Amino acid sequence: MPDRGRAWPQQPWQGDDEVERDDDDPREGGDAWAPRPPGFAARARGEGAGGRHRNAEFVLDPRWVERYAERCARDAEALVGRLRKNERVLGKRARREGLEAWRLYDLDMPEVPLLIDRYGESLHIGSRLRFGDQLAALESGWWEAILAAAAEGADVPRDRVWAKHRQRQPGGTVGRRATRGVTCVVCEGSYRFEVNLSDHLDTGLFLDHRALRRHVQGEAEGRRVLNLFAYTGSFSVYALAGGAASVTSVDLSATALRRCDQNLALNGLMGSRHHAVRADVLRWLAEEAKRGRSWDLIVCDPPTFSRSKGMSGSWDVQRDHVTLLALALGVLAPGGSLYFSTNHQSFEPGEQFERWGAEETTSWTVPFDFPRSRPHRSWRLRAKEPGVQRA
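My aim in this report is to walk through the structure given alongside it, one point at a time. Keep in mind that this is a model prediction, so the values were computed, not measured. (Residues numbered from 1 in each chain as written. Predicted model: local features only at pLDDT ≥ 70, side-chain atom pairs only at ≥ 80, totals over all residues. Heavy atoms only, no water.)

Thoughts on the sheet that holds strand 14 (residues 246-251)
Logical step 1: One open sheet holds the 7 strands; their spatial order is 15-14-13-16-19-21-20, and the pairing between them is mixed. Strands at the two margins of the open sheet, each flanked by one partner only, are strand 15 (274-278) and strand 20 (359-360).
Logical step 2: Bridge count for strand 14 against strand 15 is 5 bridges, and the pairing is parallel. Its bridge partner being in strand 15, Val250 is matched across the sheet by Val277.
Logical step 3: Contacts from helix 7 (residues 281-290) reach strand 13 (224-228), strand 14, strand 15 and strand 16 (295-300) within the one sheet, and its direction differs from that of strand 13 by about 150 degrees.
Logical step 4: Against the sheet, helix 8 (residues 317-329) touches strand 13, strand 16, strand 19 (332-342) and strand 21 (377-382), its axis set at about 160 degrees to strand 19. (Pairing = 2+ DSSP bridges. Helix = DSSP H or I, 4+ residues; strand = E, 2+ residues; numbered from the N terminus. Contact = heavy atoms within 4.5 Å. Axes fitted to C-alpha atoms, helices over the stretch in contact; angles between N-to-C directions.)

Okay, here's the thing in structure tokens:
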């Protein structure tokens, strides 16, 4: 077989010390095997069934690299122009709402499939390039040119641009993190949150839930609030600020709960009204139902997929959401509300949603700066008043 180009291992740009399985990422995960990338010829060794691979080697077609090299200057110039326009239009509204963290670029141009978020004077960039495209973009210089263009268009220093690659592997999603521990504090209206720009695929503040956070704040006064899969506690901050009688934040990750406490402290909300619980959510809900406990307002934003060490098995939101919501409804007080959200791009709600009277709320929970990517879907479920039976 003639040499068609450079042979790459499966993770060409990552050393072992730069790669982490993204088990800690509360919302990432997906297929166990990545599809065969475009622009590659797969060697026979290591190839899985159906054209999918397991640690296979690929040969990078130089023609694919040339395509990216030819587009490099054109795409970079177009990105600079689009970002400057978005800074004027979207930035005006963000400033009016007191937002230092907002989405600047939401898959605006198909030639540059990126998600670019502004965090103060920094940019956080997520790539939607497929595996083969990502390698060609790196090899051709397109990727570096695009990052430089993003810095120019947003008027930030190049060293304040943080870019993440997503790559699916057996057991979850991996990301790149050569530099660690870079954090900053950003304002979202009246509230402050610490975000981590370097360590994970996400920063710890999910910008697409901004509208739902505000809604929870408006409903929280005098109510007992339960924040399931609380992660860094942004919903807990809003609920406490809204006058909740109590807020219980449940998460399996001790690191996440420490970051939750940090965010509460940043906003002066540490105190007896907040209770942090480190536990597996499904098992904890079952135990609390046996104790007869209940909450008036529940927020449930689970990960798409997880294999965390503290779990007895794996979590898959498509497979397990009905079990989760049945348990959550079991601790929802009469007349209470449960908000469920998922960022699973192909999520299909179970048939029980109709029986539960679930109302889809996606149309108003996705904020103004996410016009294209459909970052999540969300629903509201209500507990029946005493004496009213479910259909």
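Here we look at the packing of aromatic side chains
Logical step 1: Under the criterion given, the structure shown has 12 aromatic pairs.
Logical step 2: Plain terms: the ring middles of Phe340 and Phe353 are 6.3 Å apart, the flat faces sit at 75 degrees to each other, and that makes the pair edge-to-face. With Phe340 in strand 19 and Phe353 in helix 9 (residues 352-356), this pair connects stretches of sequence that are 13 residues apart.
Logical step 3: Judged by its relative accessible area of 0%, Phe340 falls in the buried class.
Logical step 4: Ring-pair connections join several aromatic residues into one group, and the members of that group are Phe340, Phe347, Phe353, Trp356 and Trp379. (Phe/Tyr/Trp six-rings, centres within 6.5 Å; stacked < 30°, edge-to-face > 60°. Buried < 20%, exposed > 50% of the residue type's maximum accessible area, 1.4 Å probe, protein only.)

Quick look at the pattern of salt bridges
Logical step 1: Tallying each qualifying case throughout the model produces 23 salt bridges.
Logical step 2: Salt-bridge contacts for Arg71 lead to Asp75; the nearest nitrogen and oxygen are separated by 2.9 Å. One end of the pair is Arg71 and the other is Asp75, both in helix 1 (residues 62-96) and 4 residues apart, which spans about a single turn.
Logical step 3: Residue Asp75 is classed as buried on the basis of its relative accessible area of 4%.
Logical step 4: Taken together, the salt bridges that share partners define one network made up of Glu188, Arg210, Arg213 and Asp369. (Salt bridge = Lys/Arg side-chain N within 4 Å of Asp/Glu carboxyl O.)

Section: helix 1
Logical step 1: Its 35 residues place the ends of helix 1 48 Å apart at the C-alpha level, agreeing with the 51 Å of an ideal helix rising 1.5 Å per residue.
Logical step 2: Along helix 1, the sharpest kink reaches roughly 50 degrees, centred on Cys72.
Logical step 3: Just downstream of helix 1 lies Gly98, where phi reads positive at about 70 degrees. (Expected span 1.5 Å × (residues − 1). Bend = angle between axes of the 7 residues up to and from the residue.)

Section: the pairing of strand 14
Logical step 1: Across the 6 residues that make up strand 14, a large majority, 6, are buried.
Logical step 2: Residue alternation in strand 14 divides its side chains into two sets, Ser246, Thr248 and Val250 and Val247, Ser249 and Asp251, and both sets are buried.
Logical step 3: Taken together, the 5 bridges between strand 13 and strand 14 define a ladder with parallel strand orientation. Following the sheet pairing, Leu228 is matched in strand 14 by Val250.
Logical step 4: What joins strand 14 to strand 15 is helix 6 (residues 254-266), and the crossover it makes is right-handed. (Right-handed = clockwise from strand over helix to strand, strands pointing away.)

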